[in-house]
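The primary structure of each chain is shown beneath.
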Amino acid sequence: MNSCTMLHSTRPAHIYMYTIIACFILFVLLYARPKLCKDLPDDGSYISHERTNMINGIFIWIVFLSHLSSYGTSLHGPDTYILRLTGRMGQAMVSTFFFFTGYGIMTSLLRKGTTYATQLITHRFMRLWFHFCSAVLIYLLVQYCIGKTYPLSHILYSFAGWERIGNSNWFIFMTLLSYLLIAISYKLLYRKGILFVIGGILLLFICAIPLYHLKGSYWVNTFLGIPAGMLYCIMQKHIESLLKKTRLPIGIIGIICFVSGWETFLYFQRTTSIVSILLQNAGSILFAMGVCFIFAGIRLSRKPTFLIWSGGSALFYLYIFQRIPMLLGEHFELNIHHSFLYQAGCTSITILIAWICCRIFPRLDALIWRTTTAKHKKSD
């Protein structure tokens, strides 16, 4: 064996974790036996709870890869191209979360009215905040164990989502804020009609845009997807009728919306004026609708269970706890010296934490909110 061969044989083989995750997601979709279809489904199944969970399940793993790359792991080969793609996507990767949230909230408001508007605060807001505060406490413990401390004021702001202690925070803060704004607008304007409600919500959301002066444009350049999703719910039949009149395959319409929305978002991301942020929001809405229509042109014979779980019951836990293994791995420098072990560990531990939380938190919720409901009934 010559010296060149010996040198080559001692080089470590690279295992591409980003590529493995991307291929696994593709495998799950292929296992579901996808079939391309030209027409938009008449039954609205393309935007059903299960289908939107599946789409969000794909994007939460895109978010995961984006966050993982921020901890300085070593990437090679095809992993670099995947990272480049997720990096170019930017904040647009959260567009579907906001758009489908708005659609789901409006569906519930149309069905339950003021009862659901109240539940947005008493149930959805309080549960999300309880889960978030629990996560902040866990992050505090983790940070303390690795020798990092924070001032009391910073910790208190972290419980509101205004600051962070290693955890992701801005998305939760904006979601909590949206629950408050939607409930306020509905309570004040529902007697005037649902379009007045959406108009009030949009106005309140726009009033929140100056937050970017304090926290950065990424806090507000996609969240108008929530009122857009609500408006889509109201206009769904009219929009579907227009789409069918084009006679174009729904997948093609989806690609046009997706690409134009993505490019619009990227183009106006160069500046941070209020007008550009509004146009970034418009791009992110087109992006989300494009994704929705692309998948509307795909029929699945089987359920992609893992993706539905990732974008459904496990979504919050995958999002909020994914940085814990990343932080610990960075502290012990696994991201530098054992990059594949670090990436694989972050992936498997994140899934494990989400699986455990899916069993613990629903029981805590049932205990707390059953007790609260019982107290209200007793007082009545």
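Residues numbered from 1 in each chain as written. Predicted model: local features only at pLDDT ≥ 70, side-chain atom pairs only at ≥ 80, totals over all residues. Heavy atoms only, no water.

S.K.: How should the overall build of the protein be read in this particular structure?
M.R.: Of the regular secondary structure elements, the protein holds 18 helices and two strands. In summary, the protein has a C-alpha radius of gyration of 22 Å against a globular reference of 21 Å for 380 residues, a match within 12%. In terms of principal-axis extent, the alpha carbons of the protein reach across some 85 × 55 × 45 Å. The contacts of the protein with a sequence gap of at least 6 include a subset with a gap of at least 24, amounting to 82%. Measuring between centres, the 32 positive side-chain charges of the protein sit 5 Å from its 12 negative side-chain charges. (Helix = DSSP H or I, 4+ residues; strand = E, 2+ residues; numbered from the N terminus. Rg over C-alpha atoms; globule rule 2.2 N^0.38 Å. Contact = heavy atoms within 4.5 Å. Lys, Arg positive; Asp, Glu negative; His and termini not counted. Charge placed at Lys NZ, Arg CZ, Asp CG, Glu CD.)

S.K.: So what exactly am I meant to see when it comes to the packing of helix 5 (residues 95-112) against helix 13 (residues 274-296) here?
M.R.: Two quantities define a packed helix pair, namely the angle between the axes and the distance from one axis to the other. With their axes 9 Å apart at the nearest point, helix 5 and helix 13 run at an angle of 80° to one another. Considered as vectors, helix 5 and helix 13 are oriented roughly perpendicular to each other. Each of Ser95, Thr96, Phe99 and Phe100 in helix 5 lies in contact with helix 13, whose residues at this interface are Ser284, Ile285, Phe287, Ala288, Met289, Val291 and Cys292. Per-class residue counts for the contact of helix 5 with helix 13 are eight nonpolar, three polar and no charged. (Axes fitted to C-alpha atoms, helices over the stretch in contact; angles between N-to-C directions. Parallel < 35°, antiparallel > 145°, perpendicular 65-115°, else oblique. Nonpolar A, V, L, I, M, F, W, Y, C, P; charged D, E, K, R; others polar.)

S.K.: Please clarify how the side chain of aspartate 79 should be interpreted in this entry.
M.R.: Secondary-structure assignment places aspartate 79 in helix 4 (residues 78-89). Of the buried charged residues, aspartate 79 lacks a salt bridge, with arginine 84 as the closest side chain of opposite charge at 12 Å. From its side chain, aspartate 79 meets the backbone nitrogen of tyrosine 18 in a polar contact 3.4 Å long. Looking at aspartate 79, its side chain comes within polar contact range of the side chain of threonine 19, at 2.6 Å. Among all residues touching aspartate 79, those that are not within four sequence positions of it are Tyr16, Met17, Tyr18, Thr19 and Gln343. (Buried < 20%, exposed > 50% of the residue type's maximum accessible area, 1.4 Å probe, protein only. Salt bridge = Lys/Arg side-chain N within 4 Å of Asp/Glu carboxyl O. Polar contact = N/O pair within 3.5 Å; in protein donor to acceptor, adjacent residues only side chain to side chain.)

S.K.: Looking at this model, I keep getting lost on a nonpolar patch on the surface. Mind explaining?
M.R.: Together, Leu352, Trp355, Ile356, Ile360, Leu364, Leu367 and Ile368 give the surface a local cluster of nonpolar side chains, amounting to about 600 Å² of exposed area. Mapped onto the elements of the fold, isoleucine 368 is located in helix 18 (residues 339-379). The exposure class of isoleucine 368 is partly exposed, given its relative accessible area of 32%. (Patch = residues over 30% accessible without salt bridge, like charges linked within 9 Å, V, L, I, M, F, W, Y side chains within 5 Å. Areas by Shrake-Rupley, 256 points an atom, 1.4 Å probe, with all protein chains shown as cover.)

S.K.: Explanation requested: the packing of aromatic side chains in the structure shown.
M.R.: The way to describe two aromatic rings as a pair is by their centre distance and the angle between their planes. Inspection of the entire model under this criterion finds 28 aromatic pairs. Between phenylalanine 24 and phenylalanine 306 the ring centres are 5.3 Å apart and the planes differ by 80°, which places this aromatic pair in the edge-to-face class. Pair noted here: phenylalanine 24 is in helix 2 (residues 17-31) and phenylalanine 306 is in helix 14 (residues 305-311), with a separation of 282 residues, a long-range link. Taken together through their ring pairs, the aromatic side chains of Phe97, Phe98, Trp170, Phe171, Tyr218 and Tyr319 make up a single cluster. Here the basic side chain of lysine 215 rests over the ring of tryptophan 162, its NZ or CZ set 4.7 Å away from the ring centre. The ring of tyrosine 31 carries the charged tip of arginine 302 above its face, separated from the ring centre by 4.4 Å. (Phe/Tyr/Trp six-rings, centres within 6.5 Å; stacked < 30°, edge-to-face > 60°. Lys NZ or Arg CZ within 6 Å of the ring centre and 35° of its normal.)

Nothing here speaks to function; it is geometry throughout.
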